[in-house]
Number of protein chains: 2
Amino acid sequence: MGKSKFNAIYNDLSEKIHDQLIKAGALLPTENELSEQYHASRETIRKALAMLSRNGYIQKVQGKGSIVLDVTRQNFPISGLTSFRELANHSKDKWKTKVHQLVLLKSDEHLRMLMNLTADQAVWKVIRSRSVNNEAVILDKDYLIQSIVPMLTADNCERSLYDYIEHELGLRIGFAKKEITVEHATAEDQRYLTLNRDTQVVVVRSLVYLENAELFQYTESRHRADKFRFVDFARREHQ
Amino acid sequence: MGKSKFNAIYNDLSEKIHDQLIKAGALLPTENELSEQYHASRETIRKALAMLSRNGYIQKVQGKGSIVLDVTRQNFPISGLTSFRELANHSKDKWKTKVHQLVLLKSDEHLRMLMNLTADQAVWKVIRSRSVNNEAVILDKDYLIQSIVPMLTADNCERSLYDYIEHELGLRIGFAKKEITVEHATAEDQRYLTLNRDTQVVVVRSLVYLENAELFQYTESRHRADKFRFVDFARREHQ
DNA sequence: AAGTGGTCTAGACCACTCA
DNA sequence: GAGTGGTCTAGACCACTTT
């Protein structure tokens, strides 16, 4: 990834749309024109355009062309798998991460069920809170399989767990299954989060898998309700 | 859509995975084998597989093959754009829709901003509640541009708005931008929803566009927090 | 009728995994 | 080294929009 021609074309076009060098409402050059401009075959152009379409940059209309969409207001997650660190880097506020617990669990019945573990598999448990303006608004509880992540330090966790996993360990994350619900705040939430009169928190549970489809992490991200926001772009899949 | 070869192959394979005729953890036949089986070129097979991958059915691993994922627990929305009716049809509980209001708004400053309307564009406003077991747990507030949806009756709204729009009017929905937040229940929420001691509701705001990129609907879907659940499958896009 | 995107093909070469 | 998926190509034909 990243080195392919269609990916480069995608990056170039998505940047131009982001920077409004190509304005919303306008049409992209035709596929044949792009084919000439980028010295690529039409199918390669079409791969780049399909990616732009999936990510909400353009809308393709048969017989007409590719309409550029207004992408300026999709300023947050844009769905997908984004680590907290990447998110925080894009916001103006100063975020701070604090590690509250880092232990190696030898056995836990509930986790074993949830993550489909064998009896002898140990799991790293990490509890961290994320603060803005001295208010702890997110509580992250991560569980990582030790056979995949052998060692973990508080320092790794305080910086970015994903950075460590992807760059230091060289693991490649493939996909995640997520679930968002709203639940009563627990004693633990009360302890680590700056809950004012809140009795509810937003809970995002994720099962995270590597590129070889191996499960390696379960995460519970607990958000103070007033600070939670999830943005999504969805296409209708017609039958 | 729906008539293309790759789409037929996608439907066939996704069904087989859903029905567990192909088991999770197993490998799909190789692309060349599928190419023979379906009498299609490899690129056509690859389009079907890319779609399976995007929707969480398989994980492709270079040099190995396509691993079938466990899809049995992603039984709910699976993200994407799904109407309430389609959702309700898939659940066991008996849902009931009640129309509380259906009016044509001539002008509304807030909506005009939000939907980028001209001064003379009228908008249908529909308020509906959705109930299970005699408890109203979702309040839907829809706003539809009248120049696109000329007429609307309480009957249309009580059945399925999307059915009416797509099948009766022949409009094709393209995509939507959604935002999920948690907010204080309003007087209106109190009035139409069966809120017990709840003071918070989950609000899903959507801007819905047609296939030609024309905005035609704004929706606020307000859920009782304990009945809200959002499931998502997300792939990591590596740079 | 001309131009647009949508689909499909056969073939080539590369990158990766596994024996 | 054989077999897998990943990328790219040139060309064909179809479906749709516009003039």
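Figured I'd write up the structure that's included with this text. (Residues numbered from 1 in each chain as written. Chains lettered and ligands numbered in written order. Predicted model: local features only at pLDDT ≥ 70, side-chain atom pairs only at ≥ 80, totals over all residues. Heavy atoms only, no water.)

This next bit is on the packing of aromatic side chains. All names here are of chain A. All chains considered together, the criterion is met by nine aromatic pairs over all chains. Ring centres of Tyr 143 and Tyr 218 lie 5.9 Å apart, and the angle between their planes is 25°; this geometry places the pair in the stacked category. Placement of Tyr 143 in strand β5 (residues 135-145) and of Tyr 218 in strand β8 (residues 215-224) is noted, with a sequence separation of 75 residues between them. Look at Phe 175 and Tyr 209: their rings are 4.7 Å apart centre to centre, the planes differ by 10°, and that puts the pair in the stacked class. Of this pair, Phe 175 sits in strand β6 (residues 173-184) while Tyr 209 sits in strand β7 (residues 200-210), placing them 34 residues apart in sequence. (Phe/Tyr/Trp six-rings, centres within 6.5 Å; stacked < 30°, edge-to-face > 60°. Helix = DSSP H or I, 4+ residues; strand = E, 2+ residues; numbered from the N terminus.)

Here we take up the sheet that holds β6 of chain A. Taken together, the seven strands give an open sheet; going across it, the order is β3(A)-β4(A)-β5(A)-β8(A)-β7(A)-β6(A)-β9(B), and neighbouring strands pair in antiparallel fashion. Two strands in the sheet have a free side with no partner beyond their single neighbour: β3 (95-105) of chain A together with β9 (230-235) of chain B. Averaged over neighbouring strand pairs, the angle between their axes works out to 15° when direction is ignored. Across six bridges, the pairing between β6 of chain A and β9 of chain B is antiparallel. Bridging across to β9 of chain B, Ile 180 of chain A finds its partner in Phe 230 of chain B. (Pairing = 2+ DSSP bridges. Axes fitted to C-alpha atoms, helices over the stretch in contact; angles between N-to-C directions.)

Each regular strand shows side chains that alternate between the opposite faces of the sheet. All names here are of chain B. When you tally the buried positions in strand β5 (residues 135-145), you get ten out of eleven residues, the bulk of the element. Here strand β4 (residues 123-132) pairs with β5 via ten bridges, running antiparallel. Bridging from a neighbouring strand, Arg 128 pairs with Asp 140 of β5. In textbook terms, the turn of a hairpin is the stretch between consecutive antiparallel strands, and for β4 and β5 this stretch comprises two residues, one of which, Asn 133, has a positive phi near 50°. The pairing of β5 with strand β8 (residues 215-224) spans seven bridges and is classified as antiparallel. Bridge pairing links Ile 138 to His 223 in β8. (Buried < 20%, exposed > 50% of the residue type's maximum accessible area, 1.4 Å probe, protein only.)

Taken together, the 52 residues of chain B in the interface contact 52 residues of chain A. Between chain B and chain A, a total of about 4500 Å² is buried, with carbon and sulfur atoms accounting for 49% of that surface. With a closest N to O distance of 2.6 Å, Arg 229 of chain A and Glu 179 of chain B form a salt bridge. For the pair chain B and chain A, the interface holds 16 residue pairs in polar contact (both at pLDDT 80 or more). Mapped onto the side of chain B that touches chain A, the elements with two or more residues apiece are α3 (42-54), β1 (58-61), α7 (161-168), β6 (173-184), β7 (200-210) and β9 of chain B. Ranked by residue count, the leading element in the side of chain B that touches chain A is β6 of chain B, at ten residues. Direction of pairing for strand β9 (residues 229-235) of chain A relative to β6 of chain B: antiparallel, over a ladder of seven bridges. (Contact = heavy atoms within 4.5 Å. Buried area = accessible area lost by both parts, 1.4 Å probe. Salt bridge = Lys/Arg side-chain N within 4 Å of Asp/Glu carboxyl O. Polar contact = N/O pair within 3.5 Å; in protein donor to acceptor, adjacent residues only side chain to side chain.)

On to the environment of Glu 168 of chain B, then. Residues and elements named next belong to chain B. Structurally, the position occupied by Glu 168 is in helix α7. What makes Glu 168 exposed here is its relative accessible area of 62%. When the C-alpha atoms of Glu 168 and Asn 156 are compared, they prove to be 9.8 Å apart, with twelve residues separating the residues in sequence.

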